[in-house]
Amino acid sequence: MSTETNFTIGFIGLGLIGGSIAKNVRRVFPNYTVIGYDTDKEALKKAVEEGVLDRPAAELNSGFSECSYIFLCAPVQHNLQFLEQLKPYLKEGCIVTDVGSVKGGIHKKVKDLDMETCFIGGHPMVGSEKAGFSYSSDRLIENAYYFITPTEKVNTEKVKEFTSFIEELGALTILLDAKRHDAFTAAISHVPHIMAAELVHTVRNMDTEDGILKQLAAGGFKDITRIASSSPVVWEQISLSNKENIKELLVQIKDSISEMIHALDRDDHSYLNEYFKEAGEYRETVPDSAVGLMEKSYEIFVDIPDEPGTLSTTTTLLALNNISIKNIGIIHNREFEEGVLKIMLYDDVSAKRAREILQDKNYSVYERN
Ligand SMILES: NC(=O)C1=CN([C@@H]2O[C@H](COP(=O)(O)OP(=O)(O)OC[C@H]3O[C@@H](n4cnc5c(N)ncnc54)[C@H](O)[C@@H]3O)[C@@H](O)[C@H]2O)C=CC1
Ligand SMILES: O=C(O)C(=O)Cc1ccc(O)cc1
């Protein structure tokens, strides 16, 4: 990243995610200046006391004009209003980014405000049901996927620079457009949050006055509903900001539940067996972590130069060719001469195609014997 000693990064919102990224910057780039603003003065005070912030900002104004990067880390709809407030104070070359779970709305606002040359969207695919600075951690985004959604007009050098910065913080970047981002996250995050809350409501409505059901609730219910404890403000704003994608999936789920009711009515063993079998089989293939254990089959190994940005270039190349990556990780033991990227695909055909595509672009690709 930048070797400038006066490199300044600004944070607006120092909760779970803003606090975690600010702490991460402090750990990895101790000589950068970090400034922050939050309506919660306690969070700001803590961040200064813990040495995360060099100084707090009282308002969103000229205090941010020295920043090279500004991270918007409040609930998604609040982030929109900061763009307009900050616009007059941004220095030449400053990149404004966000960490919001929905990307469509902020990209639209950026376009409306003619700020496309200075915006690169972002979204770490990691977090928890806890909210606030006290739960933040300087390792939260380590080895987590981090979506990067640049505008069409932002300079590609800036995108590369920002992507390397996020990778230096320890995350695995994935370049994506806002539309696909919002469709994907509706399925893997937003609707699951709604379903978790729905299950909790079902039990809550049935519970006795002395709460016998929640006393008896076993591991399964607790596993599947952990995220129902997430911040109501954050989730109210995410749900409304991605409503079209969410509604489409909820209608599919409603239809599927109706089918289940019919199957129960007709004692359809094979429907139920197939339903659970297919869900279980797919669930078994979901990796435990972004860089989790990698199975031997369908793996390829790619030499990559030890340079910032190469990881995202490689993954983007595969994504553009419609190849889905199941898991990805950098091998640090240097079995080969340079950095080695281990890519796990879903099947043999994808592994073969990925090998051909990368070899076409002059990458050295190996398979482990
Ligand atoms: N919670 C999670 O697991 C994840 C959340 N996100 C995104 O990160 C963003 C922040 O979420 P969290 O950190 O979880 O929430 P949080 O509740 O922990 O933190 C939000 C912070 O923003 C501050 N804030 C609220 N309104 C503000 C305003 N008008 N001006 C200045 N500061 C304001 C709050 O005081 C709080 O410190 C959201 O956009 C969310 O979609 C992204 C990935 C994961
Ligand atoms: O805690 C969990 O399992 C989450 O799902 C965290 C999470 C919340 C919101 C996001 O946009 C991304 C990740």
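These numbers come from a predicted model, not from an experiment.

### Observations concerning the site of ligand 2
Phase 1 of the analysis: Near ligand 2, the surroundings consist of Ser101, Met125, Val126, Gly127, Ser128, Glu129, Ser189 and Ile227.
Phase 2 of the analysis: Among the residues making up the shell around ligand 2, the classes are represented as three nonpolar, four polar and one charged.

### Structural notes on helix H11 (residues 269–284)
Phase 1 of the analysis: For H11, spanning 16 residues, the distance from its first C-alpha to its last is 22 Å, which sits close to the expected 22 Å at 1.5 Å a residue.
Phase 2 of the analysis: Counting buried residues along H11, only zero of its 16 residues qualify, which leaves the element largely exposed.

### Comments concerning the pairing of strand E7 (residues 145–150)
Phase 1 of the analysis: Among the six residues that make up E7, five are buried, leaving the element largely enclosed by the rest of the structure.
Phase 2 of the analysis: The pairing of strand E6 (residues 119–124) with E7 spans five bridges and is classified as antiparallel. Residue Gly121 lies in a different strand from E7, and its bridge partner there is Thr149.
Phase 3 of the analysis: For E7 and strand E8 (residues 172–175), the ladder comprises four bridges, and the chain directions are parallel. Among the inter-strand pairings, Ile148 is bridged to a residue of E8, identified as Leu175.
Phase 4 of the analysis: With respect to chirality, the unit in which E7 leads through helix H5 (residues 156–168) into the neighbouring parallel E8 is right-handed.

### Some details on the site of ligand 1
Phase 1 of the analysis: For ligand 1, the set of nearby residues contains 29 residues, the closest of which are Gly13, Gly15, Asp40, Ser101 and Gly127.
Phase 2 of the analysis: Mapped onto the shell around ligand 1, the elements with two or more residues apiece are helix H1 (16–28), helix H3 (76–86), E6 and helix H9 (232–241).
Phase 3 of the analysis: Per-element accounting of the shell around ligand 1 gives the leading share, three residues, to H1.
Phase 4 of the analysis: Looking at side-chain class alone, the shell around ligand 1 contains 15 nonpolar, 12 polar and two charged residues.

### Some words on the sheet that holds strand E1 (residues 8–12)
Phase 1 of the analysis: Strand order in the open sheet made by the eight strands is E3-E2-E1-E4-E5-E6-E7-E8, with mixed pairing throughout. With one partner strand each, in any of the chains shown, strand E3 (55–56) and E8 form the two edges of the open sheet.
Phase 2 of the analysis: Summarising the sheet, strand E4 (residues 69–72) and strand E5 (residues 95–98) pair through four bridges and their orientation is parallel. If you follow Tyr69 over to E5, its bridge partner there is Ile95.

### Looking at the packing of H3 against helix H4 (residues 104–112)
Phase 1 of the analysis: As a packed pair, H3 and H4 sit with axes 10 Å apart at the nearest point and diverge in direction by 10°. Our classification of the angle between H3 and H4 gives roughly parallel. In this structure, H3 meets H4 at a crossing whose hand is right-handed. Only Gly105, Ile106, Lys109 and Val110 of H4 make contact with H3, whose side of the interface consists of Val76, Asn79, Leu80 and Leu83.
Phase 2 of the analysis: In terms of residue class, the contact of H3 with H4 is made up of five nonpolar, two polar and one charged.

### Some points on H3
Phase 1 of the analysis: Taken residue by residue, H3 has Val76, Asn79, Leu80, Phe82, Leu83 and Leu86 as its buried positions. With its buried residues spanning 160° around the axis, H3 presents them on a single face.
Phase 2 of the analysis: On its buried face, H3 sits against E1, E4, E5, H4 and H9.

### Regarding the nonpolar core
Phase 1 of the analysis: Formed by 63 residues in total, the largest nonpolar core has its most connected members in Ala22 and Ile70.
Phase 2 of the analysis: Tallying contributions element by element places H1 first for this core, with five residues.
Phase 3 of the analysis: Of the residues that make up this core, three or more belong to each of domain 1 (8–176) and domain 3 (299–366).
Phase 4 of the analysis: Ignoring sequence-local partners within four residues, the contact set of Ile70 consists of Gly10, Ile12, Phe64, Leu86, Cys94 and Val96.

### Comments concerning the domain arrangement of the protein
Phase 1 of the analysis: As far as domains go, the protein holds domain 1 (8–176), domain 2 (181–260) and domain 3 (299–366).
Phase 2 of the analysis: Contact residues are listed per partner, giving eight residues for domain 1 and seven residues for domain 3.
Phase 3 of the analysis: Elements supplying a minimum of two residues to the side of domain 1 that touches domain 3: H5 and E8.
Phase 4 of the analysis: Classifying every residue of the side of domain 1 that touches domain 3 gives three nonpolar, three polar and two charged.

About the criteria used
- Residues numbered from 1 in each chain as written.
- Chains lettered and ligands numbered in written order.
- Predicted model: local features only at pLDDT ≥ 70, side-chain atom pairs only at ≥ 80, totals over all residues.
- Near = placed C-beta within 6 Å.
- Nonpolar A, V, L, I, M, F, W, Y, C, P; charged D, E, K, R; others polar.
- Helix = DSSP H or I, 4+ residues; strand = E, 2+ residues; numbered from the N terminus.
- Expected span 1.5 Å × (residues − 1).
- Buried ≥ 20, exposed ≤ 12 C-beta atoms within 10 Å, placed from the backbone.
- Pairing = 2+ DSSP bridges.
- Right-handed = clockwise from strand over helix to strand, strands pointing away.
- Axes fitted to C-alpha atoms, helices over the stretch in contact; angles between N-to-C directions.
- Parallel < 35°, antiparallel > 145°, perpendicular 65-115°, else oblique.
- Left-handed = near helix turned anticlockwise from the far one by under 90°.
- Contact = placed C-beta atoms within 7 Å.
- Arc of directions from axis to C-beta.
- Core = buried A, V, L, I, M, F, W, Y, C linked by C-beta atoms within 7 Å.
- Domains from an automatic or database assignment.

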